[in-house]
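If you want the building blocks of each chain, they are given just below.
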Amino acid sequence: MTPIRVGIIGFGRSGFGIHANAIASLRDRFTVTAVYDPLPERRSHEDFPDLKACDSVEELLRQEDVELVIVASPNKFHARHALAALRGGKHVLCEKPFGFTTADVDALIAASKASGKVLQAFQQRRYESDFQKVKEICESGVLGRITFIRTSWGGFGRRWDWQTARSFGGGQLYNNGPHPLDHMLELFGDAEPEVWCDLRRSLCSGDAEDEVQILLKAPNSPTIQIDLLATAAFPQERWYICGTRGGLTGGTDKLRWKFVDWSTMPARELDTNPTEGRSYNGEKLTWTEGEWTSAGAADAGAGATPASMPTFSLYQSLWATIREGAPQVITPESVRRRVAVLQKCYELTGIPFPEGTLTGDADATTTVPVPTSAIRSAATGAPEPSLAGQI
Ligand SMILES: NC(=O)c1ccc[n+]([C@@H]2O[C@H](COP(=O)([O-])OP(=O)(O)OC[C@H]3O[C@@H](n4cnc5c(N)ncnc54)[C@H](O)[C@@H]3O)[C@@H](O)[C@H]2O)c1
C-alpha cells in the first residue's frame, strides 16, 4: 500500500491539530511531506521531522511528490487555494466553509473535472455517530412523518480570534454553521428549502455574527430550526425531533426516542358536539421506547477540538476514492447545497459577503460589520435595541 503524500496549507488548529495529527495515526495510507504557513515558525514541527517547509503556496504546489493538498488556511483563502491546487494537478481536501458562494464551488468542481483530480470537502461531521443514528431512526419511519427538527449548537462565551472577523470570512455562519446545516439538509430531503435567517453580534470582539438562527421549510419536508448561539448559558441538547408517531431527543453521546402505534388505537372521527362532562380530548398512549449510547468518544462541543472518529472515517473514504476509484461518500455537489443556503443567509439579511470569493478581492480588509441588533431575512418586526456597550 503506497501512502498518499500530503502537503498542508495553513498549519494551525486545523492543519496541525486535526489533519496532521489524524494522518500521523494513518501512516500506512497518508504521509505529510510539505507544509506552507505564512508564519515561518509554523512550517516545521518536531513530530514531523522530514517535513519540507515551503515559503509560499506556489512552492508547495511545485512539490512533485505532493499528491494531495489540504487547504486549512482561514476561510477567505479556501476557494483560491483549492483552485490553485487543482489546477496544479493535486487532489484537494478543503476545509469548510469550502468557498463562500455556489459560484466558488462550481469553479472548484469544474477544475476538478478538468484535471481529473479528487475534490473533497472536509465535512467530517456527516460521519458523526449521533447524526448517523438520527438519520437511521428518521428514515426507518418509526417516528412517522417528521414534522419539525431543531438542532442547537452553542454555549456561553466570548471569542476574539480571526473567526470573529469578517475580513477573514469569520463569523458563526461560516465557522460552526456548515456542520449543523449539513446534517439538517441531509434530513430535509431533496426539496429546495425556503430560507429564513437571523444574524446578530453579541459577545465576540470582531465584527462578524456570533449568533445565528436559520429556518428551512418546504411543503413536504420537516421544518428545520438551527440555533447557533454565543449566549446560551444553558446549552440545549443537540437534537429535538417531532414526528406524527413520536419524537427523539438527545445529544452527541446519547439519544432517546419513543413512538406510538396509531393502528392499535380506536379511530377518532371528528365530533363537533360539546364534549361529555365538559372534558378535553385525551387518550392513554402506549409508547414504545428506544435508546442509543455512543460507543466512542463523543464530541466535546463548541470550542473544543472535534472528535477524531469522524475525521478518520472521512480519511478512509478519501483514500479509497484516490487509490481505488471508490465513489465519494460526501460529494462536492452535496456540499454545494449547504454553501447555497449560507450564501442565501447573507443575501437575505443584506450583509455583504466577506471578501475572498473567487470573484472578490481576497486581500481586502474593509468590511461591513454585523449589527448587534437582530438582522432578519424578512420583515418580522422591529429590530431589538442595540446591546452595544452593555456587556
Ligand atoms: N472541520 C472542522 O471541524 C474545523 C475545525 C477547526 C477549523 N476548521 C477550519 O480550518 C480552517 C483554519 O482554521 P483554524 O482554526 O485552524 O485557524 P488557525 O488560525 O488556527 O490556523 C490557520 C493557519 O493558517 C495560516 N494562514 C494565515 N493566512 C494564510 C494564508 N494566506 N495562506 C496559508 N496559510 C495562512 C495561519 O498562520 C495559521 O497558522 C478554517 O477554515 C476553519 O473553518 C475546521
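Each residue is numbered by its place in its chain's sequence as written, counting from 1. Only residues with pLDDT of at least 70 get local features here, since the model is predicted, and only at 80 or more are side-chain atom pairs given and counted; chain-wide, interface and lining totals rely on the full set of residues. By convention in this description, side-chain values take in all heavy atoms of the structure and omit both hydrogens and water.

**Section: the overall build of the protein**
Line of reasoning, step 1. A tally of regular secondary structure across the protein gives 8 helices and 15 strands.
Line of reasoning, step 2. The reference for a compact globule is 2.2 Å times residues^0.38; the radius of gyration itself is calculated from the C-alpha atoms. A compact globule built from 391 residues would reach a C-alpha radius of gyration of about 21 Å, and the protein, at 23 Å, matches this within 12%.
Line of reasoning, step 3. Dimensions of the protein, computed from the C-alpha atoms along their principal axes, are close to 85 × 55 × 35 Å.
Line of reasoning, step 4. Areas reported as accessible are Shrake-Rupley estimates using a 1.4 Å probe. Residue values count occlusion only from the protein chains shown. Counting every atom, the protein has about 18800 Å² of accessible surface; 51% of that belongs to carbon and sulfur.
Line of reasoning, step 5. The charge count treats Lys and Arg as positive and Asp and Glu as negative. His and the chain ends do not count. In this description, the location of a charge corresponds to atom NZ of lysine, CZ of arginine, CG of aspartate or CD of glutamate. Of the side chains in the protein, 41 bear a positive and 48 a negative charge, and the two mean positions are spaced by 1 Å. Counting from the N terminus, the helices are DSSP H or I runs at least four residues long and the strands are E runs at least two residues long.

**Structural notes on the site of the ligand**
Line of reasoning, step 1. Close to the ligand lie 27 residues, the nearest being Ser14, Asp37, Arg42, Asn75 and His78.
Line of reasoning, step 2. In this structure, a nitrogen atom belonging to the ligand sits 3.0 Å away from a side-chain N or O atom of glutamate 95.
Line of reasoning, step 3. What qualifies as a polar contact is a pair of N or O atoms within 3.5 Å, subject to a donor-acceptor requirement within protein and to the restriction that residues adjacent in sequence count only when both atoms come from side chains. A distance of 3.4 Å separates an oxygen atom of the ligand from a polar side-chain atom of glutamine 163.
Line of reasoning, step 4. Those elements giving two or more residues to the shell around the ligand turn out to be helix 1 (13–24) and helix 3 (78–87).
Line of reasoning, step 5. No other element matches the 3 residues that helix 1 contributes to the shell around the ligand.
Line of reasoning, step 6. Polar here means any residue outside two lists: the nonpolar Ala, Val, Leu, Ile, Met, Phe, Trp, Tyr, Cys and Pro, and the charged Asp, Glu, Lys and Arg; Gly therefore counts as polar. Along the lines of polarity and charge, the residues of the shell around the ligand split into 12 nonpolar, 10 polar and 5 charged.
Line of reasoning, step 7. Residue ranges for the domains originate in an automatic or database domain assignment. Residue assignment places the shell around the ligand across two domains, with domain 1 (4–126 + 308–338) and domain 2 (128–304 + 362–376) each supplying three or more. A cutoff of 4 Å decides nearness: a residue is near a molecule or strand if any of its heavy atoms lies inside that distance of it.

**Notes on the packing of aromatic side chains**
Line of reasoning, step 1. Here a Phe, Tyr or Trp ring, Trp counted by its six-membered ring, pairs with any other such ring whose centre lies within 6.5 Å, and the pair is stacked when the planes are under 30 degrees apart, edge-to-face when over 60, and tilted otherwise. Using the criterion set out here, one finds 8 aromatic pairs in the structure.
Line of reasoning, step 2. Summarising the aromatic geometry, the rings of phenylalanine 30 and tyrosine 315 are spaced 5.0 Å apart at their centres and angled 85° between planes, so their arrangement reads as edge-to-face. Placement of the pair is phenylalanine 30 in strand 2 (residues 30–36) and tyrosine 315 in helix 7 (residues 308–324), with a sequence separation of 285 residues.
Line of reasoning, step 3. On the basis of relative accessibility, which here comes to 1%, the residue phenylalanine 30 falls in the buried class.
Line of reasoning, step 4. Here's how the labels work: a residue is buried when its accessible area is under 20% of the maximum for its type, exposed when over 50%, partly exposed in between, all with a 1.4 Å probe on protein chains only. Classification of tyrosine 315 as buried rests on a relative accessible area of 0%.

**Let's talk about helix 3**
Line of reasoning, step 1. Burial analysis of helix 3 places 7 of its 10 residues in the buried class, which makes it a mostly covered element.
Line of reasoning, step 2. Should any heavy atoms of two residues lie within 4.5 Å, those residues are considered in contact. Buried residues belonging to helix 3 abut strand 1 (4–9), helix 2 (57–62), strand 4 (68–71), strand 5 (91–95), helix 4 (102–115) and strand 6 (119–122).
Line of reasoning, step 3. Remark: glycine 89 follows helix 3 within two positions and exhibits a positive phi of approximately 85°.

**Structural notes on the side chain of aspartate 227**
Line of reasoning, step 1. Along the chain, aspartate 227 turns up in strand 10 (residues 223–229).
Line of reasoning, step 2. Each reported salt bridge corresponds to a side-chain nitrogen of Lys or Arg within 4 Å of a carboxyl oxygen of Asp or Glu. No salt bridge is formed by the buried aspartate 227. Its closest oppositely charged neighbour is arginine 150, at 4.6 Å.
Line of reasoning, step 3. Within the structure, aspartate 227 has its side chain in polar contact with the side chain of glutamine 225 (distance 3.1 Å).
Line of reasoning, step 4. Aspartate 227 has contacts with Arg150, Thr151, Ser152, Trp153, Val212 and Gln213, leaving out every residue within four places of it along the chain.

**Side note on the domain arrangement of the protein**
Line of reasoning, step 1. Annotation of the protein at the domain level lists domain 1 (4–126 + 308–338) and domain 2 (128–304 + 362–376).
Line of reasoning, step 2. Taken together, the contact between domain 1 and domain 2 spans 16 residues of the former and 31 residues of the latter.
Line of reasoning, step 3. The term buried area means the drop in 1.4 Å probe accessible area that two parts suffer when joined, counted for both and summed. Interface area for domain 1 against domain 2, summed over the two sides, is near 2200 Å², with a carbon-plus-sulfur share of 47%.
Line of reasoning, step 4. In terms of surface lost to domain 2, no three residues of domain 1 exceed Arg125, Arg126 and Arg337, which account for 37% of the buried area on that side.

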